[in-house]
Structure formats: structure tokens, C-alpha cells
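Analysis of the macromolecular model
For reference, the chains in residue letters:
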Amino acid sequence: MIMHKPLALAVSLASTALAMPVFAQDTTDEKSTWALEEIIVTATKRETNLMETPVAISAFSQSELDRQGITNVKDIANLVPNLDIAYDQDQSSPVIAMRGVRSTNTSELGDPSVGLHMDGVYSPRPQGAMALMFDVERVEALRGPQGTLFGRNSTVGTINVISKRPVIDELEGSLGIEIGRWNQRQIKGMINIPVSDTFALRASAMKETRDSYLNGYYDANQWDRRRLPAEAQNAPLLTGEPQTLTQRANSWTAPRELVAADPETFYNNSDQYAYRLSGLWEPSDTLSWMLTYEKYQDSSAGGINTIDCDKADQRLSENADGDMVPGLLGCEYIYGPGADEYTVAVNTPGKLDLSIDSVRSNLRWDFSDTLSFIYNAGYASQQRSALMDIDAGVTDWDMALNFIDTDYVSQSHEFQLQSMTDGPLQWIAGIFYFKEQNGMEGYFNAAMNDSTFWDQPDRTLESIAYFGQGTYDLSEKLHLTLGYRWSKDTKQDKGGHNKSCLRDYSLGPDDEGYPGCYPAWVSDAPGYEDDPNGYFNSYSADHFDDPSIYTDTTNNDTKGSWASATYRFGFDYDLSDEVMLYSYLANGFKSGGIGDVVVEYEQDPTTAEYPLDADGNRIVKTTHASDYDPEEVVTFEIGAKGDFYDGKLNLSGTFFLSSYKDMQLAAPESVYNVYAVQMNPNEEHYGEVETNGFVVYRTKNAAKSEIKGVEFEFDWAPYRNGHVSGFATWLKTEITSDFVTRFDYAASDLFEMDYGPAHDNENPDLYRNLKGNELAAAPEFSVTVNYDHTFNIKNGAKVIPFIGIHWEDESYLTYWNVDKHEFPVGSTGAYDDTRAAFHVVNVSVKYLSADESWNLEAFGYNVTDESIPYWAGGSDGVVRGSRSMPANYGVRLNYSF
């Protein structure tokens, strides 16, 4: 019989499970004195044993998170099978991929593919994953569609962060201090106070600061110098030959030296804190209510993308003999001798002010012997302002991104009714309501051309759902699960505009004053003839923050609604007391989206002119050019879980097959901004309408995709005081039907064209069929192994060394798969989106006191100093993105009472 490879692996796992109980019969005292700790999870919205829950799920306690140096959700990627977490520097947001599925549109227009819940309350914005994880009971990562119970944006999985509840009958507290490389300082603490026999308070907090690990420089050779510190603006003139790209391009004035930035306030530093206040009231055995307030604040410089130097070294250029050779246009060509993938030179210092205030309420009332009522409610307010250097000196163009003010305010309510009997039927039913209102202002400033402003005062999302799921015991061993959810999402934009701020060319040098968006390169400003960008740099730092200097180019009023029905149909079978088999068929749904509305001018075909209305305004029409359809998936999964050797070995494995329809994929795409240039009436082109192309980050629907894989997890105590855990995975992803789209990744370089022609939507030569491409962040193989051993000392203390190793096969960082297509440039190595196979090694040694009241731990993360790319953008002639932190080491001390 011929058997498909992954299915054969799944059957092999089940066969192993069938055979292993034979080896679990020896229960001598020697072997029964140690066992793995039982883990309780809430994957089915009720407490169940991890190994008895028919879902692919990984769970981690606070101690496990501390050991791996994990402070927020984005750091858990190496602990969960088929999980990858990148970071979008522009939006200060993690990008969570699970089983090869992710959403890279982290703006207010996009929805994540992996749902995030905090204490059972849905967190809508991916930035919420940055909230610090401290005083946590556990973190659960569920894989596969979770739509029937967890709802929106859970097509491929859900991550639940569950904080520790106040303890009513015990006074306890803890304090932890950590110091590490780059002047890292971290402190966290907790106090639990039993106020009465029915009420307790718990307060916990964490603060971390760390200098930047980048080789950062300030560069006064770029056009916009307004925000540079004085020592950088007045940097010494260059005495030797120009060595950086901007020094060579700086032909309009004498080039200056780069100035080393203060690492305490430079990009990729850390300056964040959080605290949580919780109150628990339990007036009886049948009623409990927990109310939590949590505050998170990030006041760092934000992140910045850096160059992939290995790829940049492959760029071809002409040498002295006239031959085209690689190696001359790498990082040192851009930033000077000694530059590497952690080097960056900017003229716009980074700034991030991200604040998240959350209130969560969890009420449970067991109002009868058979029924329980649960009400989970949440409120969150996220405010963010950010300033970042977009080009970072990799080109002589000069671009900055400024989020002046971004406000996300959301509320959610979920009402549940649960059964509480020991009978054959266990069920849950509920209603979910969610509303989010967003407002934002900001702009993209291209100092040599234009400033594009967005003003979105009222973007809303409203969602309502009804759901139910039940498990019925068909027999003592066979159990049937059925789940259903109906939901409707409505998204709307009211009063939103995109604005443009081009220079008015009707104003010449003899006119009084210049308009607000004066290009930095224009050299005819009165009094500034000898300093081409002097007029531009006379503007205040907040000059472009003023919306009144801009003209509306789009009217973004739009609305969309999408309804869906999701289901779950599953069986699980108790093969023995130690082994469970399970399978299910489930679908998932992610709603469609609205986008900015493109404005086009209505031309009179008889006159070839753009008519005016009675008020002198041009007649326009609007088209909803960037809406997208819902994403749907159907997943079949079969798995097995078992615990063996008297609880000393836990094994779980699963095979899954997912079929996606209209998968949502996001990438930059060119659209056209249409506006009128108000020339002098006496000039030839007065009244002419000019059309400029500009790039937006747009979500589109691919046709169909298929994902299949195998996940195998193990947790083993092979002998007293020894512990081994980890996983191994196989994953295969593919776009399985035609998906013809203009190639928008590194287009200028791959097609060897200037920017305009390379982004022409009308040119068929720029289009490629992505059928057969792999999805991003989907390595075929990955392995994690963690090992620790406890050494007992005579005084009762313990020494616990630990090592964790994670390895991943090669993969792609985008869905473009550059090396699978042909381009005029020929060799694509300098611009491709591949990520080479990599490994990460973390180590630590902990000393635990005899009474376990304190411990001291030395740690090292990424000790082999791997430089791992997590993101790939192909603009400006190089591949850039976020990267892993270099080797990090330090010590931490914890005390508890």
C-alpha cells in the first residue's frame, strides 16, 4: 500500500502510542517517585488536562518563560511548533505566523490571523502582544481553527495569556532583579494581600531599560537635518575621501563626518514598564468576580530595519577593469568601513510613545447544580505616536514616517452559559459583541518631493456573534464534538482623507513666502540660493504636523459588512487510560476589509478638460479600489496524545491539512494620486491635471492555498531530576491556483527600471503568476530540544543547568519567492526573500536556595551569536528588515515570600 508521507508519520505516532503502554507496567517505588506536573488549560473554555484536550496546544508557566528570557508574546516563537513571530518596525507591531499563515497588514485596516486573548478577553490590535508578560499563570498557544469558541481572526490559531489570580487566603510577594548586556536593567515585583475571607488584592509590576545593540550613527549629509542633535548638525567636515553613500551623494555642500549616536536613546533600545492591579471577590463557592486594570508604556526609540549585508554583497557593479562583479556595493559601500547588518545611519532620531490601558472583568456564577453563567468584559485604549527614519541612508532620497496620534479604543462583551454535570453531554453557548473605534493622524515625508498626510478621525469595527459547542459521550471511550458560530463584522470609515502637500510651482523666487511643503532640493528660495536645503531646514520640527498645509486627495468614506458561519465536527477516542486519539474537521473565517478610496477626476470627453461645478470645484468620482474579500479555510486534523511510564513521558502528535480560499496577502502596491497643479494662468499648462503614482500597503486575495504538516511534541522526565522537552515539525505550504499580480518586491532592481516604470500597473511585463509559491515563515522542518538537570546539594539547595536549542530549515520571508521567477536582472541573489536555515542556543544555570525562597541565575541567549532576519523589504536597492538580537547574557536574582 502506498501511503502519503505526513499521513504515514501520523499513523506511525498512533502505532507507537498503541505499543508504549507495554513499557509502562513497572511501578516500583524507585520509578514512581517522580513524574511530570499535570498542566491544566482552558482551550475549550473550561479547565481540562492538557493531555486530555483534543486540540494541538502548547502551554508554558511563568518559570518557563523566565528561563527563556521571554517578556512578551513575540518572544515565544521558538517554543511553539510552527510558530514564527516577526516585527513590523513601521507599526511597532509583532507579526504572528502560525503554520505558515500570517497577516502583515498590521495597520488599522488589517486583522491578525492568530487571535490574541488576555484573561479570556479578545485583544484586537497586534500591538497588544507587546504588553509585558509578568506574574503569568500560563500562556497557551492553540493551533488550528478556533473560530467556534474564540471567534474572529482565529483561522489558524489562538494565543491566550492568563495572568495569576489573587489568592484569598495567603499573603505572598516576590521581587526580581535582572542585569544584562547593553546596560540592561530589569526589575519586577508582586504583592498578594488577602483583605478578608472573601476578597483579595494582587499588584504586580515590571520595568526594563536597555541600550541599543545597534552601531548607530547620526548623518548630517541627508537632506532633512531638523531633528538631529546639535553635535550631529555641526559635525566636523569630512577631511578625507567620502566613504558613505550620503557623503558621496552630498554634492550640494561639503560632506560631514558621521556622529556616533547615544545608544541609550537610539533605535532598538528598550524603555518600557507595565503594572497590573487585580481584585478577586468570592463571597461564596458559587460566585466569583475578578476585576483587573493593566497599564503598559513603551517610551523607547522604536525599531528600525537594517541591511542584509550578505545579500547586499551580491549586488553587481563595474570595477576598474569594466567588469561587472559582486562585493563592491555591500554594507561598507553604504555606511563605510566596518559596517555590518547591525549598522545604521539616520538623520531622523527614532521616537515611540505607545501606551495601552486595559480593564478586564471576569464574572462566574454557578447558579444551579448543572449550569454556570460567565461574563467576560474588556475595555482597551491604545495610544501611539512614533517617528522613524524610513530610508536610513541607504539611498540619497530622504524619507521619514510620523504617526502624530493614533488612538484605538475597544470594548468587548462575552456572555457564556456552561453545563456543569458529569453526564454524557458537556456544552457551552454564548453571545459575543465587540466594537472598536480608531482615529489617527500622521504623514509620510519625502523631503525631496512631497509629504502625504492621512487624517482618519472615525474608523470603526463592530462584530457580533452567537456560538455553541458541545461534547457528547457516544460511549465510555468515544466522544463527539459539534460546534457552530455565526458572526457578522461591519467596518466603516467616516470623514477620512488622505492629503497631499506638493510645492506650488506657480510661486517663483520673487513671490513673498513659499508654500508649506517646499521640497528640500529646491535651490531658488530667496536668501537661500547658496544653501539648497536651507529653507527646508528652517522649518520647525513639527511643521508638517499641521493638516491645514495639505490638500485632500481622497475621500475615504466607505463601509463593508461580512457574515459567516463556522463549524467544528470532531471525534476523540480513549484508546486506553494513557492514550487518546482525536480528529476534527473545522472551518475558519476572517472578514474582508475596507481600504482608502482612490479619487479620480471626471474628464469631459468632448473637451478633454476637467469641468468645474458652480462653486468652482472640480467634479470628481470615487472608486473603492482597495477593499478585499473574506478569507476562508477548511482544516482536517488527526492526532494522538498519551502519557506513559507513570506520568514521566508525555507525547503528542498531529497531522493537519488546510485548504484556503481567497487567502488575504498584504504587500506594497502602486496606486495613483490625482491632483491639479495650480499653475499661473498665463502659462501653457495652466489647469492641467497631474497624476503621480504612490505606494500603499494593500491587502489582496490570493486564489487558493494548501497547507499540510506534522507536529510532534514531547515532555519527558527520563530519570530523577532530569527533564527533556521539545518538538519536531514538518510543514508544506503552496499557492495552488493562479494568482497573477504585478511584482511589487524590489521591482526597480529586478526589472532594471526607474521607480515610475517599475510600478506601472498597465505594463504586463511586470506581472508574474505566483501559483506554486510557498507562504512566508513556513520552514519545511524545525526542531526544538530543551534539557535541564537538578543537582541536589547537601544543604538542601539545588543547582539547575539548562540548555535549549532551536533549529529551522530554510524558508521565505515573503510570499513573493523571488528565486522562483525570472527577471531582467538575471541573478536575483542580491534581492531575494529567502532566509537561510538557522539555529539558536540558550543556556542558563540557576542556584535555588534550600527553602526555595530565592534563586540566582546566570543566562546566555543566542550564545552562538546568530544574526537571523525576521522580515524582508526589497526597496531602495537592498534587502532590509528586523533581525535577531546578538548574543545576550546577564544574571537575575529572585526573592519570594
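Since we're looking at a predicted model, the values are computed, not measured.

The subject of this paragraph is the overall build of the protein chain. Scanning the protein chain from terminus to terminus reveals nine helices and 49 strands. Look at the contacts in the protein chain between residues 6 or more apart in sequence, and 70% of them connect residues 24 or more apart. Counting every atom, the protein chain has about 37,300 Å² of accessible surface; 53% of that belongs to carbon and sulfur.

Turning next to the state of the cysteines. Across all of its chains, the model carries one disulfide by this definition. The disulfide partner of Cys-309 is Cys-331, and the gap between their sulfur atoms is 2.0 Å. Taking the sign of the S-S torsion, -100° for the link of Cys-309 and Cys-331, the bridge is left-handed. With a gap of 22 residues between them, Cys-309 in helix H6 (residues 309-312) and Cys-331 in helix H7 (residues 331-335) connect regions that are remote in the sequence. Given the relative accessible area of 8%, Cys-309 is considered buried.

What follows deals with the sheet that holds strand E20 (residues 343-346). Read from one edge to the other, the open sheet built from three strands follows the order E14-E13-E20, with strand pairing classed as mixed. Lying at the two open borders of the sheet, with one neighbouring strand each, are strand E14 (259-260) and E20.

Moving on to the pairing of strand E47 (residues 854-861). The side chains of a regular strand alternate, residue by residue, between the two faces of the sheet. In this structure, strand E46 (residues 838-848) lies alongside E47, joined through six bridges in antiparallel fashion. Looking at the pairing, Lys-846 lines up with Glu-857 of E47. Linking two consecutive strands that pair antiparallel, namely E46 and E47, is a turn of five residues; a positive phi of about 60° is found at Glu-852 within it.

Moving on, we come to the pattern of salt bridges. This structure, assessed with the given rule, holds 28 salt bridges. One salt bridge connects Lys-295 with Asp-357, and the closest N-O pair in it is separated by 3.3 Å. Here the residue Lys-295 occupies a position in strand E16 (residues 287-298), and Asp-357 occupies one in strand E21 (residues 351-365), the gap between them amounting to 62 residues. Accessibility assignment for this pair places Lys-295 and Asp-357 in one class, buried. One salt bridge in this structure joins Lys-311 and Asp-832, with 3.6 Å as the shortest N-O distance. Of the two residues, Lys-311 sits in helix H6 while Asp-832 sits in the loop between strand E44 (811-812) and strand E45 (834-835), which places them 521 residues apart along the sequence. Judged by its relative accessible area of 9%, Lys-311 is buried.

A few words now on the nonpolar core. Counting 53 residues, the largest nonpolar core has Val-73, Ile-76, Met-133, Ile-159 and Phe-743 as the members making the most contacts within it. Broken down by secondary-structure element, the contributors of at least two residues to this core are strand E4 (83-88), strand E5 (93-98), strand E6 (115-118), strand E8 (136-143), strand E9 (157-163), strand E34 (649-661), strand E38 (722-735) and helix H8 (747-750). In terms of residues, this core owes the most to one element, E8, which gives three residues. Beyond its immediate stretch of four places on either side in the chain, Ile-159 contacts Val-73, Ile-76, Ile-96, Met-98, Val-114, Gly-115, Leu-116, His-117, Val-139, Glu-140 and Ala-141. If you look at the next biggest cluster of nonpolar residues, it comprises 43 residues, including Trp-182, Ala-232, Ala-274 and Tyr-342.

Right, let's talk about the confidence of the model for the protein chain for a bit. Of the residues in the protein chain, 86% reach a pLDDT of 70 or more, and the chain-wide mean stands at 85. Counted against residues more than four places away or in other chains, residues 610-624, with its pLDDT under 50, gives 38 contacts. Within the model, the stretch residues 673-691 combines pLDDT values under 50 with 39 contacts to residues more than four positions away or in other chains.

Moving on to unusual backbone geometry. For Glu-752, which is not glycine, the phi dihedral falls at a positive 55°. Glu-752 sits in the exposed class, given a relative accessible area of 54%. Phi at Glu-852 is positive, roughly 60°, even though this residue is not glycine. For Glu-852, the location among the structural elements is in the loop between E46 and E47.

Moving on to a positive patch on the surface. A cluster of like positive charges, contributed by Lys-435, Lys-488, Lys-494 and Lys-559, occupies part of the molecular surface. You can call Lys-494 partly exposed: its relative accessible area is 45%.

This part covers the sheet that holds strand E3 (residues 56-60). Pairing within the open sheet is mixed, and its five strands lie in the order E3-E8-E9-E6-E7. Taken across any chain shown, the strands that pair with only one partner, and hence form the sheet edges, are E3 and strand E7 (121-122). Across seven bridges, E8 lies against E9 in antiparallel orientation. Looking at the pairing, Leu-142 lines up with Thr-158 of E9.

Following the sequence through the fold, Phe-781 ends up in strand E41 (residues 781-789). For the pair Phe-781 and Trp-807, spaced 26 residues apart in the sequence, the C-alpha separation amounts to 8.4 Å.

Judged by which residues are buried, E6 turns out to be covered on both faces: Gly-115 and His-117 on one side and Leu-116 and Met-118 on the other are all buried. The sheet contact formed by E6 and E9 spans four bridges and is parallel. Bridge pairing in E9 links Gly-115 to Thr-158. As paired elements, E6 and E7 share two bridges and run antiparallel to each other. Bridge pairing in E7 links Met-118 to Val-121. Counting the residues in the hairpin turn of E6 and E7 gives two residues, including Asp-119, whose phi is positive at 55°.

Mapped onto the elements of the fold, Thr-635 is located in strand E33 (residues 631-644). Here the side chain of Thr-635 touches Ser-658 through a polar contact of 2.7 Å, side chain to side chain.

For the rest of this paragraph, the subject is the environment of Glu-752. Note that Glu-752 resides in the loop between H8 and helix H9 (755-758). As a C-alpha pair, Glu-752 and Val-825 span 73 residues in sequence and 6.2 Å in three-dimensional space. The residues touching Glu-752, leaving out its near neighbours within four places in the chain, are Ala-747, Pro-824 and Val-825.

To continue, consider the side chain of Arg-485. You can see Arg-485 is positioned in strand E26 (residues 478-494). Among buried Asp, Glu, Lys and Arg side chains, Arg-485 stands out as unpaired, with Glu-414 the closest opposite charge at 4.5 Å. At 3.1 Å, the side chain of Arg-485 forms a polar contact with the backbone oxygen of Thr-148. Apart from the residues lying within four places of it in its own chain, the contact partners of Arg-485 are Gly-147, Thr-148, Leu-149, Phe-150, Gly-151, Phe-432, Ala-465, Tyr-466, Phe-467, Ser-564, Ala-565 and Thr-566.

A separate point is the environment of Leu-731. Turning to its location among the elements, Leu-731 is positioned in strand E38. When near neighbours in sequence (up to four residues on either side) are disregarded, Leu-731 contacts Asn-82, Arg-99, Gly-100, Phe-656, Ile-707, Lys-708, Gly-709, Ala-778, Pro-779 and Glu-780.

So, on to the packing of aromatic side chains. Both the distance between ring centres and the angle between the ring planes are used here to describe each pair of aromatic rings. This structure, assessed with the given rule, holds 28 aromatic pairs. A ring pair is formed by Tyr-213 and Tyr-342, whose centres lie 6.1 Å apart and whose planes are at 75°; its orientation type is edge-to-face. Of this pair, Tyr-213 sits in the loop between strand E12 (199-210) and strand E13 (215-218) while Tyr-342 sits in the loop between H7 and E20, and the two are 129 residues apart along the sequence. As far as burial versus exposure is concerned, Tyr-213 and Tyr-342 are alike and both buried.

Cut-offs and rules
- Residues numbered from 1 in each chain as written.
- Predicted model: local features only at pLDDT ≥ 70, side-chain atom pairs only at ≥ 80, totals over all residues.
- Heavy atoms only, no water.
- Helix = DSSP H or I, 4+ residues; strand = E, 2+ residues; numbered from the N terminus.
- Contact = heavy atoms within 4.5 Å.
- Areas by Shrake-Rupley, 256 points an atom, 1.4 Å probe, with all protein chains shown as cover.
- Disulfide = S-S within 2.5 Å.
- Buried < 20%, exposed > 50% of the residue type's maximum accessible area, 1.4 Å probe, protein only.
- Pairing = 2+ DSSP bridges.
- Salt bridge = Lys/Arg side-chain N within 4 Å of Asp/Glu carboxyl O.
- Core = buried A, V, L, I, M, F, W, Y, C linked by side-chain atoms within 4.5 Å.
- pLDDT = per-residue confidence, 0-100.
- Patch = residues over 30% accessible without salt bridge, like charges linked within 9 Å, V, L, I, M, F, W, Y side chains within 5 Å.
- Lys, Arg positive; Asp, Glu negative; His and termini not counted.
- Charge placed at Lys NZ, Arg CZ, Asp CG, Glu CD.
- Polar contact = N/O pair within 3.5 Å; in protein donor to acceptor, adjacent residues only side chain to side chain.
- Phe/Tyr/Trp six-rings, centres within 6.5 Å; stacked < 30°, edge-to-face > 60°.

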